[in-house]
Amino acid sequence: AQSVSQHNHHVILSEAASLELGCNYSYGGTVNLFWYVQYPGQHLQLLLKYFSGDPLVKGIKGFEAEFIKSKFSFNLRKPSVQWSDTAEYFCAVNDRGSNTGKLIFGQGTTLQVKP
Amino acid sequence: SQTIHQWPATLVQPVGSPLSLECTVEGTSNPNLYWYRQAAGRGLQLLFYSVGIGQISSEVPQNLSASRPQDRQFILSSKKLLLSDSGFYLCAWTKDRGLYGYTFGSGTRLTV
């Protein structure tokens, strides 16, 4: 069965600091990878996704993620965080070969950015 | 446009009472539908999914059940709620194996 692991549960950064959130998945087949963000009191919002091609994916709000197949990883990065990036971040995976489209999420990482 | 409606937004129910949460999708046909539960520190746990009318798959053993009586309607139910059923429930849909993304409802905060 697929599983997703996010290593950092709670991250505290100062504004302008660089961010990297770890995500590893466990699955032997071909996967699609996603990062979602949930701002306080808001819906889940897609940050970026990787299906194929360039393993470095750029998303909204200056976020990017790199798919490293050999490490089963899809880490999220941002060079300089802002206070408005305070939110919960979720990595997710689905099986590209399955018609169920099941999206499996990691435990989430709470990011707190101090002004 | 494609939208997803989920209600109610909040619900307080006594232990042992029944539950019915409804999710309706508009603007698409034959979507894949999902129920998730979000708990602090545990991310979003997939509870049920459905690839068609009357087709329900359960991901985790639990006190809840799901039904899909119509193409764009997905219902989460329980005959008798437990304290442990408290949480934030999210409905979601996708098509084409998620190729074009997933749309999530606004969620229901259930307190038992």
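Reading guide: rules and limits
- Residues numbered from 1 in each chain as written.
- Chains lettered and ligands numbered in written order.
- Predicted model: local features only at pLDDT ≥ 70, side-chain atom pairs only at ≥ 80, totals over all residues.
- Heavy atoms only, no water.
- Core = buried A, V, L, I, M, F, W, Y, C linked by side-chain atoms within 4.5 Å.
- Buried < 20%, exposed > 50% of the residue type's maximum accessible area, 1.4 Å probe, protein only.
- Contact = heavy atoms within 4.5 Å.
- Helix = DSSP H or I, 4+ residues; strand = E, 2+ residues; numbered from the N terminus.
- Pairing = 2+ DSSP bridges.
- Phe/Tyr/Trp six-rings, centres within 6.5 Å; stacked < 30°, edge-to-face > 60°.
- Lys NZ or Arg CZ within 6 Å of the ring centre and 35° of its normal.

Focus on the nonpolar core
Core analysis: the biggest nonpolar cluster contains 47 residues, and Trp35(A), Tyr89(A), Phe105(A), Tyr36(B) and Phe104(B) have the highest contact counts within it. Those residues in contact with Tyr89(A), other than ones at most four positions away along the chain, are Gln6(A), Leu21(A), Trp35(A), Tyr36(A), Val37(A), Leu47(A), Phe63(A), Leu76(A), Gly108(A), Thr109(A) and Leu111(A). The next biggest cluster of nonpolar side chains, apart from the first, holds 20 residues, and it includes Ile4(B), Leu33(B), Tyr89(B) and Leu110(B).

Notes on the pairing of strand S2 (residues 10–14) of chain A
Residues and elements named next belong to chain A. Of the two faces of S2, only one is covered, namely that formed by Val11 and Leu13; the face formed by His10, Ile12 and Ser14 stays uncovered. Here S2 runs beside strand S12 (residues 109–114); their pairing, made up of 5 bridges, is parallel. Counted as the bridge partner of Val11 is Leu111 from S12.

Some points on the packing of aromatic side chains
Under the counting rule described, the total for this entry stands at 16 aromatic pairs over all chains. Ring centres of Phe34(A) and Tyr36(A) lie 6.2 Å apart, and the angle between their planes is 25°; on these two criteria the pair is classed as stacked. Among the residues examined, Phe34(A) registers a relative accessible area of 0% and is labelled buried. Centre to centre, the rings of Phe34(A) and Phe51(A) are 5.7 Å apart; their planes meet at 75°, and the pair counts as edge-to-face. Remark: Phe51(A) occurs in the loop between strand S6 (44–50) and strand S7 (56–58) and Phe34(A) occurs in strand S5 (residues 31–38); sequence separation between them is 17 residues. Every member of this aromatic cluster is reached through a ring pair, and the members are Phe34(A), Tyr36(A), Phe51(A), Phe90(A), Phe105(A), Tyr34(B), Tyr36(B), Tyr102(B) and Phe104(B). Its guanidinium or amino end placed over the ring of Phe51(A), Lys49(A) lies 5.3 Å from that ring's centre, counting from NZ or CZ.

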